[in-house]
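Each chain is listed here by its residues.
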Amino acid sequence: MKNIVDSNQIPVTQEHDDALPEIVRQAAEIGFTRRDFLKGTGALVVSFSLVGTEQLLEDSGTAVAQSPSATKVDSFVVIAADGSVTGYTGKVDLGTGTSYGLKMMLSEELDVAHERIAWVQGDSALTPNQGATVGSQSIRNAGPVIRRAGAAARKFLVDLASKKLNLPADQLDVNDGVVFAKSDPTIKVTYGELVGGQKFGIDVPAANNIVIKTPDQFKIIGKAIKRTDIAQRILGESFAHNIRRPGMVHGRTIKPPTANAKVVSVDESSVSGVPGLIKVVVRGDFVGVVCEREENAIRAAELLKITWSDPVPAFPEQADLYNYMKTLSDARQPVPAPTTVGDVNAGFAASAKTYSSTYLWPWQMHAAFSPMAAVADVTADGKCTAWSGGQNPHGEVAHIVRILGLKEADVRVIWVDGPGVYGRAGSTDDATLEAAILSQAVGRPVRLQWLRRDEHGFEPKGPPHVITVKAGVDATGNVLAWDYEDRHFPLVPVREPHAAALIAPTPESVGSTDGSGGNGHPYYNFPNKKITPILLPWVNKWVTGLRSNHNRAPGDPARHMATECFMDELAAAANVDPLQFRLRQTTDQRTIDVLNAAAERYGWQARPSPAPGNSRTGVVSGRGIAFGIRQTYVAAVAEVEVDQSTGVILVKRVIIGHDCGLMINPDSVVQQIEGQVIQTVGRALMEEVMFDQYKVTSIDWISYPLIKFTQYPTVEAVLINRPTVAPGGVGEPALNPVPAAIGNAVFDATGARLRQVPFTPERVLEALKNR
Amino acid sequence: MSLINLKVNGRSHTVDVDPTAPLLYVLRNDLLLNGPRFGCGLGQCGACTVIVEGEWIRSCITPTSSVENFAITTIDGLVTEGKLHPILQAFVDHQAAQCGYCINGMVMTAKAFIDQNPRASETQIKEALEGNICRCGTHMRIVAAARQYALEVGA
């Protein structure tokens, strides 16, 4: 079952009133714990009367309960006596629209109009801990739980109505929170009348223990719903950056000037002349300043004289990075066996020809447009309330507890809107703990924001890859043997905030090679394959500016670049159209469908690359295709112009064929695809972290440029909806095939093969010379 | 510290600040405006953009004393009694924000440029926005929204 939606033809959408911000804001203002929030006086609580949830907290047996249990329906859904409905989730909407999707999923199962559901997200005291908002997992993993909670709540309410109306449950239906008799809709009772003053008191049922709606029953899932938070985000009303507390002062922190430098001494007299200086805070190698005014805090951070230990080389020379990576061995003990299919050696032995290429992917940063910012208020009685715009509010609590020496029950982290972070704050946003340290030191609420050079210089970064692929092919060019080796630093090691590592580091782990994508496993029907991820050792990864960590779709863009560029090389070697070359080596219908969808929309003409008749000079055009998978299936066709005199690539147009299974909100899907493609064109063409042996030297938007307004392509999406297939994520998969599609299009245009990201003009000119 | 008169969004304010303090922090922390925000402090990204006497400027590198008594407009001033200015409405219509952090700069730069160039073409709008950065990749929608405003202004 599938249907195809053209992104230009999404049905007309409607706006709905937005009850969220005010509720979240009041939640932030009203009290310290969920119980305070529920019990407090004032209009908010009168309107909510959240008795069930309050009881749940009493049941938890602690003086001040932390996050409500993620196994209880009451933790996700609260229906007040007046019928108003509030949904709760630990997942946060990073501007990607996930809150709309999750709310639609609750709305669908509960049968309450989504416009009427207030939404509370990412508050360590109010919402269940559903893990960090990472890996495009909100809709995919948290969504089904919310659907089951909603369905269980609906069943509970219909059973209550059955008793109250004296009618069998199967003769009742629900419309927007009103249960009515199918035979006579005037016989009815509202959710508020049924549940007022009670809690559900039931567990979220297992998937095999609850009936959820089938696609033919959907009222809201699959409809295009517009976001209503656009204006508030543009106006900045909802950002963590704009939290203002009474008596709030401003902090800045100072990062070590060279990797692993230790504080020898701090000369506080160097800033004694800064107006409104409140305190210089030194803990271990963590140094911060707090001032009454923000601009003076920045000045104090610039002026403070710190004597650091002598610089010691920590990184390889950048020019030698990839050679260095080739010399290292897997850090894991024991080294896991490669993933194999068939017998790769026998496959090579039977091959008519063999090919090999190596692909290079650089350190890249998330480059959040705002440096991380947070506000924290640590009071004299040891309670901490912090406002964070990161991805993991529940996860910040433990760091604050450990470094500030507070009780877990006394720490509340409230998520509020923040800048797009793309994985940067998936484990920690860094700023929340730092604001808390400074607030504890001065006894006042502190707003902290990193400087741009520190955000560039010290954000955790996506690691480089050296990927070597060898293939043996038969007489037609089809692959008989595929040997794929991916050398990279850890994809997921950073588990603690920068300040924690500077003050009291915990032992570093070797990290992970698993970016929760496919780990480089090719999706084609090759009879013999060997996939060898090599997790290279990377020391001091929690302190230095090259903190090796997850960047959007960890590992996937590099892995797909290698696989899909190499497939293009094999297609060209076989003199076969690159789309046909892929199609003839897969039988997977979803793969076939997205490839065909993108190609058809583009107007793909079957022919081998390079394009016949292109000049070897001047500006030439080409098209490239690539496939990608990360639970969601994606194909990209890129159309490029290459100026062969300058080496400049202009990506004109990118078509995405996209199958994420069940689509919840097509509007969100399209927006995510557009954003990923444009961001990734920049990653492919220009993004590379520069460093010397002591520090990161990409410290601003000149030394780490992003794609500009005269450089972005037109993005078109063809959406394949498969209502009977569980939803995949949509925040990462669409970027996977983009770099390869561009590289393949450059080959199509010029006959020159690019194997190193970013595809800078210098590298293009070099490839042109070598063609 | 010295007393400086600022005319912001049609109102006069007197602030007592270091004359060299960048305007951004005075707007945010003294006048409690949420619109302009810190992105780089270097004039490289546009997050802090405000309009002074019809020209867009980077408030993060503008000394407060240098704009004394000039007419300053921040994005906060583009909402009147709950009604959005047409350029803000255009951004809402096109859903031209992902995280939204950069959009202040997009709106203020585009507004100043289009108000001066009412029939601005798509190419001219892209060139005007060349000094603004968006990390979420919302470029298509930003340009579509600015184009809508240009068509309204030029009509």
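What counts and how
Residues numbered from 1 in each chain as written. Chains lettered and ligands numbered in written order. Predicted model: local features only at pLDDT ≥ 70, side-chain atom pairs only at ≥ 80, totals over all residues. Heavy atoms only, no water. Pairing = 2+ DSSP bridges. Helix = DSSP H or I, 4+ residues; strand = E, 2+ residues; numbered from the N terminus. Axes fitted to C-alpha atoms, helices over the stretch in contact; angles between N-to-C directions. Contact = heavy atoms within 4.5 Å. Domains from an automatic or database assignment. Buried area = accessible area lost by both parts, 1.4 Å probe. Salt bridge = Lys/Arg side-chain N within 4 Å of Asp/Glu carboxyl O. Polar contact = N/O pair within 3.5 Å; in protein donor to acceptor, adjacent residues only side chain to side chain. Nonpolar A, V, L, I, M, F, W, Y, C, P; charged D, E, K, R; others polar.

## Overview of the sheet that holds strand β4 (residues 117-121) of chain A
Residues and elements named next belong to chain A.
Right, so step 1: Strands sit in the order β2-β3-β4 across an open sheet of 3 strands; the sheet is mixed. Of all strands in the sheet, those bounded by a partner on one side alone are β2 (77-79) and β4. Neighbour to neighbour, the strand axes of the sheet diverge by 20° on average, direction disregarded.
Right, so step 2: Across 3 bridges, β2 lies against strand β3 (residues 85-89) in antiparallel orientation. The residue of β3 that forms the bridge with Val78 is Thr86.
Right, so step 3: Packing against the sheet, helix α5 (residues 98-110) makes contact with β2, β3 and β4, and its axis sits at approximately 130° to β4.

## Concerning the domain arrangement of chain B
By a frequent convention, interface size equals the accessible area lost on bringing the separate parts together.
Residues and elements named next belong to chain B.
Right, so step 1: Split into domains, chain B comes out as domain 1 (2-77) and domain 2 (79-154).
Right, so step 2: Look at where the C-alpha atoms of domain 1 and domain 2 centre, and you get two points 20 Å apart.
Right, so step 3: Listed by partner, the interface residues are 20 residues for domain 1 and 18 residues for domain 2.
Right, so step 4: Regarding the contact of domain 1 and domain 2, the summed buried area is about 1500 Å², with carbon and sulfur atoms giving 53% of it.
Right, so step 5: Taken as a group, Arg37, Trp56 and Ile75 account for 40% of the area that domain 1 buries against domain 2, more than any other trio of residues on that side.
Right, so step 6: Counting the contacts that link domain 1 with domain 2 gives 0 salt bridges.
Right, so step 7: Applying the counting criterion to the domain 1 and domain 2 interface returns 10 residue pairs in polar contact (both at pLDDT 80 or more).
Right, so step 8: Elements that contribute at least two residues to the side of domain 1 that touches domain 2 include exactly β3 (49-52) and β4 (55-58).
Right, so step 9: The dominant element in the side of domain 1 that touches domain 2, judged by the number of residues it contributes, is β4, at 3 residues.
Right, so step 10: Residues that form the side of domain 1 that touches domain 2 fall into these classes: 8 nonpolar, 8 polar and 4 charged.

## Re the sheet that holds strand β5 (residues 71-73) of chain B
Backbone-to-backbone hydrogen bonds pair the strands of a sheet. The strands run either parallel or antiparallel.
Residues and elements named next belong to chain B.
Right, so step 1: Spatial strand order, β2-β1-β5-β3-β4: 5 strands in an open sheet with mixed pairing. One side of each edge strand has no neighbouring strand; the edge strands of this open sheet are β2 (11-17) and β4. The sheet shows a mean angle of 40° between the axes of neighbouring strands, direction not considered.
Right, so step 2: Where β3 lies against β5, 2 bridges are found, and the strand directions are antiparallel. Directly across from Val52, in β5, lies its bridge partner Ile72.

## Things to note about the interface of chain B and chain A
Right, so step 1: Counting residues at the interface gives 53 residues for chain B and 59 residues for chain A.
Right, so step 2: A buried area of about 4800 Å², summed over both sides, lies between chain B and chain A, and 57% of it is on carbon and sulfur atoms.
Right, so step 3: The three residues of chain B that bury the most area against chain A are B:Gln95, B:Gln98 and B:Arg135, which together make up 19% of that side's buried surface.
Right, so step 4: At the surface where chain B touches chain A, the tally comes to 4 salt bridges.
Right, so step 5: A:Glu674 is the salt-bridge partner of B:Arg141, the closest N and O atoms lying 2.6 Å from each other.
Right, so step 6: Applying the counting rule to chain B against chain A returns 27 residue pairs in polar contact (both at pLDDT 80 or more).
Right, so step 7: Elements supplying a minimum of two residues to the side of chain B that touches chain A: α1 (23-29), α2 (86-93), α3 (103-116), α4 (122-128) and α5 (139-154) of chain B.
Right, so step 8: The residue inventory of the side of chain B that touches chain A, partitioned by class, reads 31 nonpolar, 11 polar and 11 charged.

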